[in-house]
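Overview (structure and organization)
Read off the chains here:
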Amino acid sequence: MSPKILLPFLLLLFALPAFPQTPEALRADYERLQQWRFQAEPMAVPAGGLRWSYEGATWILESGRIWLQEPTSGGAVTGLVFEGKGRFQMAVPDSNELAQLRRFAKKPDLAGLDETFSSLVLRTSGKLPIEGIASPAGARFEPNRRARERHEQWITQRVFDADARVAAGLAMPGDQYLRVDMETGSFGWLTYDYDGWRIEEIRVESFNTKFPFLEVWLSLDRPSERDERGRPASGWKPALDIRHVDVAADLTTAGRDKDWYKGRFMVGVHVLPQRDGDRAAQLYLHPFAKVTAVSEGGRPLPFLRDHVGGRSASIDDRLYDASLVVLVDPPFAKGAERRIDVEYEMDLKGYAPGREWYPDAEGDETILFDTSTARMELIVRKKHQVRAMGRKDEAASREDADTSTSVWIVDQPVKMLTFSFADYFHEETVAHEGSPDVVSFGSRVQVSGKGKFRKVGEDIAASLAFYQDLFGVKLPETPIYVTSISGFHGQAFDGFIHLAENSFDLLGPGAGELFRGHEAAHQFWGVIVGGATYRDAWIGEAFAEYSGMMFVEATVKDGPRHLQDVLQASRDELTGSIKSGFSKFSRMRVNILNRAHGERIGPIGHGWRANTGELPWAYNSQVYTKGALVLHMLRGMLRDATGSDQAFLDVLRDFIRAHQGGVASTRDFEAALARRVPGDWSWFFDAWVNGTAIPTYRWSYNLSGSPDEQGRYVATLKVRQSDVPEGFRMSVPVAAELSGGRIERQRVMVDEAEETFTLSFPEKPKSLMFNPENEVLAKVRKD
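Treat the numbers as computed from the prediction; the structure is a model and nothing was measured.

1. Some details on the environment of Leu324
Tracing the sequence through the fold places Leu324 in strand β18 (residues 323-327). Taking the C-alpha atoms as reference points, Leu324 and Gln176, 148 residues apart in sequence, are found 19 Å from one another. Sequence-distant contacts of Leu324, that is, excluding residues within four places in its chain, are made with Ala281, Gln282, Leu283, Tyr284, Val291, Phe303, Leu304, Arg305 and Val342.

Structural data, given as structure tokens:
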């Protein structure tokens, strides 16, 4: 269409909101949106182009053609396709995010985003952001090739259903959602995604096509909610608060794979709306859970959930979108509790994994922020024994001819629910004075030898007692349950711990105690105090990991040596060294890949966003491994400043007590540190939590041959620092060996590319060691 034909239709595009619709009409609109029908005849971009800005980003369509999407039944136009010449511009005020953008993009001088694009696919739940265009009356619509291509890529590769998000937004007054996918000249397809549901609304995403993986290159608060440094400053405001969960699960049917069971679930989710007028509930569920029905009060409710596995033969047929959008009628009223019942099937291997196995109202923005009470009714084969969170309701539990039904009541709100069941069952109870009893249980088939159950229980009980004393916080007196699972990981819940079955064989010194000590420590770091957002995940994982290291150091034979082995393996993992390749604490494959691709990974403070296509486990290396080293470095600095570990322990105790029963952020931990050890600690957290640099130090020294006027011997230490950004600094220990094997430690603050330090000692040192025991995470070379 020429600009002359377009002019009569100039208006503020679709300023009218969508008409109120029934759940059935919204479901029909969703099905229509998934046909990806756009105008058959495109419109030309008017002379002079089109320009619009939205929450910190700007788009310019200089020339080309536009296809508008077919309106919904309520008259909303939710998308457009553009082909031609355009430009995308976006400033990045957060220096941490800008640094990560440069790493992701492999462009160290990037000042922001200023990219040309040749194609664009836009979706929104509000009015289109462009003024001055509209579909002519009687326009024809047909499937658009470019739109279909992008949407199918989002669904099958990113497992994201934009149509469900848009349809849900149409059912929520005031919702803001905008997705703009652009084929850029430098980065291929780049996505700007604004979602009002997220704690940080703005993302820029890139799909790594060489190593198929979605990378989140930027995450920012909307401009009105940033702090003075451009960093996120808003809190999470959920649309729904889940107050209680009723679980009824039949676990008696064999699953598709050996040793798996097809769980048939009916879960009643009691939700307390936090807003008025929403006609959709955004829930999340494990992507292998097949939802068969959703209802309220016995009345079926339409729901939106894409069967991703049905779109391609190369995808597991069981895969669904993790999003579950439920359409409700009447609309939610703030503070008026409702119950939504979800029926689904999901295979389990003897335990309920993580938080995804039952419907949840949190996405990936928070770290288990919402808590709820629960009732779980679990039906298993008669040969199976069940253990679950909470207390067993003996009066409601029963046995039939072939099945056993147990009912478990969770009276106090918890962050996650779980249970476990096993045949050839064995259980051991370990009592430890002053701390909770530990009940260790599982299948004797999975874990050969009854003695191993007891040894594991003793390790957990000892670590819990150690942590209570270390952190000055008492756990509830109710038992802690520990179960072996047919997996290769551990996971902790309120009063309940999963341990990989092979960990029951890790009875040798150090490794087994560290693994079990980490999971036990989550009763403090994760349960008592949780991370405030995904950026603060290290407060659970790194703190638990380092707690486990301190447990090994203090209680295992030759503990200090084992601690040094763990620390060395951790440093080698992050630097890509293979020196600790034969250590039982080493993950050599990760070391090698970190060495090859580590320049792109994100920092601890970006949580799961540290991952890249090349290194999809970078989150673990940063949040678990590096996070523990950060705490070890902090411990060393405080010890050298005060002469003992007491200051470090006082900081941990203050921190856990101040936030007991809640969540905490990295800033909260920095504040706890500053209260005990006054000063500005931002440099430390900027370098090690929000940054990724690992310094390289080259050093040499000279010793004076005779004492000075004060009778002291002077050492001249020269240090060259590289591989760090401007302004990077770190306090590095220096150890001098004196007579009789005595060691004197001093510290130097290295903050320049080349520096000379003068150190003095009461006698002539036999030798000098820069960064002894590799306490600071660095690559160190002696000149």
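2. Section: the environment of Ser95
Considering the arrangement of structural elements, one finds Ser95 in helix α3 (residues 95-105). Overall, Ser95 belongs to the partly exposed group, its relative accessible area being 45%. Note: C-alpha distance between Ser95 and Arg231 (136 residues apart in sequence) is 8.4 Å. Among all residues touching Ser95, those that are not within four sequence positions of it are Arg229 and Arg231.

3. Concerning the pattern of salt bridges
Using the criterion set out here, one finds 65 salt bridges in the structure. The salt bridge partner of Asp341 is Arg339, with a shortest N-O separation of 2.7 Å. Judged by relative accessible area, which is 11%, Asp341 ranks as buried. For Arg339, a relative accessible area of 32% gives the class partly exposed. A network of salt bridges, in which partner residues are shared, links Arg65, Glu83, Arg145, Arg146, Glu149 and Glu183.

4. Section: the sheet that holds strand β35 (residues 730-737)
The strand order across the open sheet formed by three strands is β36-β35-β38, and the pairing between neighbours is antiparallel. Looking at the sheet topology across the chains shown, the edges are occupied by β36 (743-750) and β38 (767-770). This sheet shows a mean twist of 25° between the axes of neighbouring strands, independent of strand direction.

5. A short note on the packing of aromatic side chains
Within this structure, the stated rule accounts for 44 aromatic pairs. Measuring from ring centre to ring centre gives 6.3 Å for Phe88 and Tyr192, while their planes differ by 65°; the resulting arrangement is edge-to-face. With Phe88 in strand β5 (residues 79-90) and Tyr192 in strand β9 (residues 188-195), this residue pair connects regions lying 104 residues apart in the sequence. Of the two residues, Phe88 and Tyr192, neither departs from the other in class, the shared state being buried. Here Arg165 stacks its cationic end above the ring of Trp197, 3.5 Å away from the centre of that ring. The cationic tip of Arg179 hangs over the ring face of Trp154; the distance from NZ or CZ to the ring centre is 4.4 Å.

6. Some words on helix α9 (residues 559-575)
The end-to-end C-alpha distance of α9, which contains 17 residues, comes to 24 Å, matching closely the 24 Å that a straight helix rising 1.5 Å per residue would cover. Of all 17 residues that make up α9, twelve are buried, and the element is covered over most of its length. Of the positions making up α9, those classed as buried are Gly559, His562, Leu563, Val566, Leu567, Ala569, Ser570, Arg571, Asp572, Glu573, Leu574 and Thr575. In this structure, the buried side of α9 is in contact with α7 (511-521), α8 (538-555), α10 (588-597), α11 (618-642) and β39 (779-782). Looking one or two residues beyond α9, the residue adopting positive phi is Gly576, at roughly 80°.

7. Some details on the nonpolar core
In terms of nonpolar packing, the biggest core is built from 97 residues, with Trp538 and Met730 touching the most fellow members. If near-sequence neighbours (up to four positions away) are discounted, Met730 is found in contact with Met633, Met637, Trp683, Phe684, Trp688, Tyr697, Val748, Met749, Val750 and Val776. Judged by nonpolar contacts, the second largest core, of 52 residues, contains Val247, Tyr344, Val386 and Met416.

8. Quick look at unusual backbone geometry
Note the cis peptide between Asp329 and Pro330, where omega equals 5°. Despite not being glycine, Lys106 has its phi angle at roughly 60°, a positive value. Within the secondary structure layout, Lys106 lies in the loop between α3 and β6 (113-124). Looking at Lys106, the relative accessible area reads 54%, which means it is exposed. Look at Tyr424: it is not a glycine, yet its phi comes out positive at around 45°. Note that Tyr424 resides in the loop between β25 (419-422) and β26 (425-432). For Tyr424, a relative accessible area of 53% gives the class exposed.

9. Describing the pairing of strand β27 (residues 435-443)
For β27, the tally of buried residues reaches eight of nine residues, placing the bulk of the element in the interior. Both β26 and β27 contribute to a ladder of seven bridges, which runs antiparallel. The partner of Phe425 across the bridge, within β27, is Ser443. The hairpin turn running from β26 into β27, its antiparallel successor, is two residues long, and Gly434 in that turn takes a positive phi close to 90°.

10. Digging into the packing of α8 against helix α12 (residues 646-658)
At a closest axis distance of 14 Å, the pairing of α8 and α12 adopts a crossing angle of 140°. Considered as vectors, α8 and α12 are oriented oblique to each other. The chirality of how α8 crosses α12 is left-handed. Contacts between α8 and α12 involve Ile539, Phe543, Tyr546 and Met550 from the first element and Phe648, Leu652 and Phe655 from the second.

11. Description of the side chain of Ser420
By secondary structure assignment, the location of Ser420 is in strand β25. By relative accessible area, Ser420 is classed as buried at 4%. Not counting residues up to four positions away in its chain, the partners in contact with Ser420 are Gly350, Tyr351, Gln385, Val386, Arg387, Phe441, Thr483, Ser484 and Phe496.

12. Section: the pairing of strand β15 (residues 290-296)
When β15 meets strand β19 (residues 338-348), the two strands line up antiparallel, connected through five bridges. If you follow Ala293 over to β19, its bridge partner there is Glu343. Where β15 and strand β16 (residues 299-300) come together, two bridges link them in antiparallel fashion. Bridged to Ser295 within β16 is Pro300. Hairpin connection between β15 and β16: a loop of two residues separates the two successive antiparallel strands, and Gly297 in this loop has a positive phi of roughly 60°.

About the cut-offs
Residues numbered from 1 in each chain as written. Predicted model: local features only at pLDDT ≥ 70, side-chain atom pairs only at ≥ 80, totals over all residues. Heavy atoms only, no water. Helix = DSSP H or I, 4+ residues; strand = E, 2+ residues; numbered from the N terminus. Contact = heavy atoms within 4.5 Å. Buried < 20%, exposed > 50% of the residue type's maximum accessible area, 1.4 Å probe, protein only. Salt bridge = Lys/Arg side-chain N within 4 Å of Asp/Glu carboxyl O. Pairing = 2+ DSSP bridges. Axes fitted to C-alpha atoms, helices over the stretch in contact; angles between N-to-C directions. Phe/Tyr/Trp six-rings, centres within 6.5 Å; stacked < 30°, edge-to-face > 60°. Lys NZ or Arg CZ within 6 Å of the ring centre and 35° of its normal. Expected span 1.5 Å × (residues − 1). Core = buried A, V, L, I, M, F, W, Y, C linked by side-chain atoms within 4.5 Å. Parallel < 35°, antiparallel > 145°, perpendicular 65-115°, else oblique. Left-handed = near helix turned anticlockwise from the far one by under 90°.

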